[in-house]
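# Chains, contacts and geometry: an overview
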Amino acid sequence: MTKRVVLVAAVARNGVIGRGSQIPWKLPGEQRLFKELTMGDVLVMGRATYESIGRPLPGRTTIVLTRDPDWGAEGVRVAHSLDDALVQAATLPGDIAVVGGAEVYAAAMPLATEQVLSEVDLEPEGDVFYPPFDRRAWVEAAREHHEGYDRVFLVRA
């Protein structure tokens, strides 16, 4: 695959990325930066992540992963495996931004060329975690300091 596959996530110090279907923090400006980063790209996300957002995000193509053969939503593409999602994404403009949830991040991690992590300076209660990964397999290309979090750009070593 010649497209970039970028995992994009906000991750607390304790690895939490969610509590149920909610993100357990509010970060000023973080969603605007997410929009800037992913505009024009293909978003790959799980069904629960999509349903927590509730709609396709403007300016991006959304592919929703689900095991339910009958699931569908207006304005999004449906895939029943990560491979299927990547085959669809390969035919569309833009890079591939994997945006959650935990199972989708874990499945995509071996294929990812980059990660953009908002490292949140909190340790909230949660039940959804970003998958562990070997930091030595990644090079920190850039770091931006923001109020309450650092945005870290990692590329595969």
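As a starting point, this report considers the structure included with it. Worth saying up front: this structure is predicted, and the values here are computed from it rather than measured.

## Things to note about the overall build of the chain
Scanning the chain from terminus to terminus reveals four helices and ten strands. Helices (α) and strands (β) of the chain occur, in sequence order from the N terminus, as β-β-α-β-α-β-β-α-β-α-β-β-β-β. Its C-alpha atoms give the chain a radius of gyration of 15 Å, near enough to 15 Å, the size a compact globule of 157 residues would have. Structurally, the chain occupies a C-alpha span of about 40 × 35 × 25 Å along its principal axes. Taking all 157 residues of the chain together, the buried fraction comes to 45%. Summarising the internal contacts of the chain: among those between residues at least 6 apart in sequence, 60% fall at separations of at least 24.

## Comments concerning the sheet that holds strand S10 (residues 149-156)
The strand order across the open sheet formed by eight strands is S5-S4-S3-S6-S1-S7-S10-S9, and the pairing between neighbours is mixed. Each having just a single partner strand, strand S5 (77-79) and strand S9 (138-146) make up the two edges of the open sheet. Averaged over all pairs of adjacent strands, the angle between strand axes in this sheet comes to 25 degrees, irrespective of strand direction. Examined bridge by bridge, strand S7 (residues 114-120) and S10 share seven bridges and lie antiparallel to one another. Bridge pairing links Val 120 to Tyr 149 in S10. Its contacts with the sheet put helix H1 (residues 30-38) on strand S1 (5-12), strand S3 (42-46), strand S6 (96-98), S7, S9 and S10, and the angle it makes with S10 is roughly 25 degrees. The sheet strands contacting helix H3 (residues 82-90) are S3, strand S4 (61-65), S5 and S6, and the helix crosses S5 at an angle near 140 degrees.

## Some points on the pattern of salt bridges
According to the stated counting rule, one finds twelve salt bridges in the structure shown. As a salt-bridge pair, Glu 119 and Arg 135 come within 2.8 Å of each other at their nearest N and O atoms. Residue Glu 119 is found in strand S7, and its partner Arg 135 is found in the loop between strand S8 (128-129) and S9; the two are separated by 16 residues along the sequence. Residue Asp 150 is joined to Arg 143 by a salt bridge in which the shortest nitrogen-to-oxygen separation is 2.9 Å. For Asp 150, a relative accessible area of 17% gives the class buried. Residues participating in the shared-partner salt-bridge network are Glu 119, Arg 135, Glu 140, Arg 143 and Asp 150.

## Observations concerning the pairing of S7
Taken across its seven residues, S7 has six buried, putting it largely inside the fold. Sheet topology note: the S1/S7 ladder contains seven bridges and is parallel. When the sheet's bridge partners are listed, Ala 10 is paired in S7 with Ser 118.

Thresholds applied
Residues numbered from 1 in each chain as written. Predicted model: local features only at pLDDT ≥ 70, side-chain atom pairs only at ≥ 80, totals over all residues. Heavy atoms only, no water. Helix = DSSP H or I, 4+ residues; strand = E, 2+ residues; numbered from the N terminus. Rg over C-alpha atoms; globule rule 2.2 N^0.38 Å. Buried < 20%, exposed > 50% of the residue type's maximum accessible area, 1.4 Å probe, protein only. Contact = heavy atoms within 4.5 Å. Pairing = 2+ DSSP bridges. Axes fitted to C-alpha atoms, helices over the stretch in contact; angles between N-to-C directions. Salt bridge = Lys/Arg side-chain N within 4 Å of Asp/Glu carboxyl O.

Purely geometric numbers; function is a separate question.
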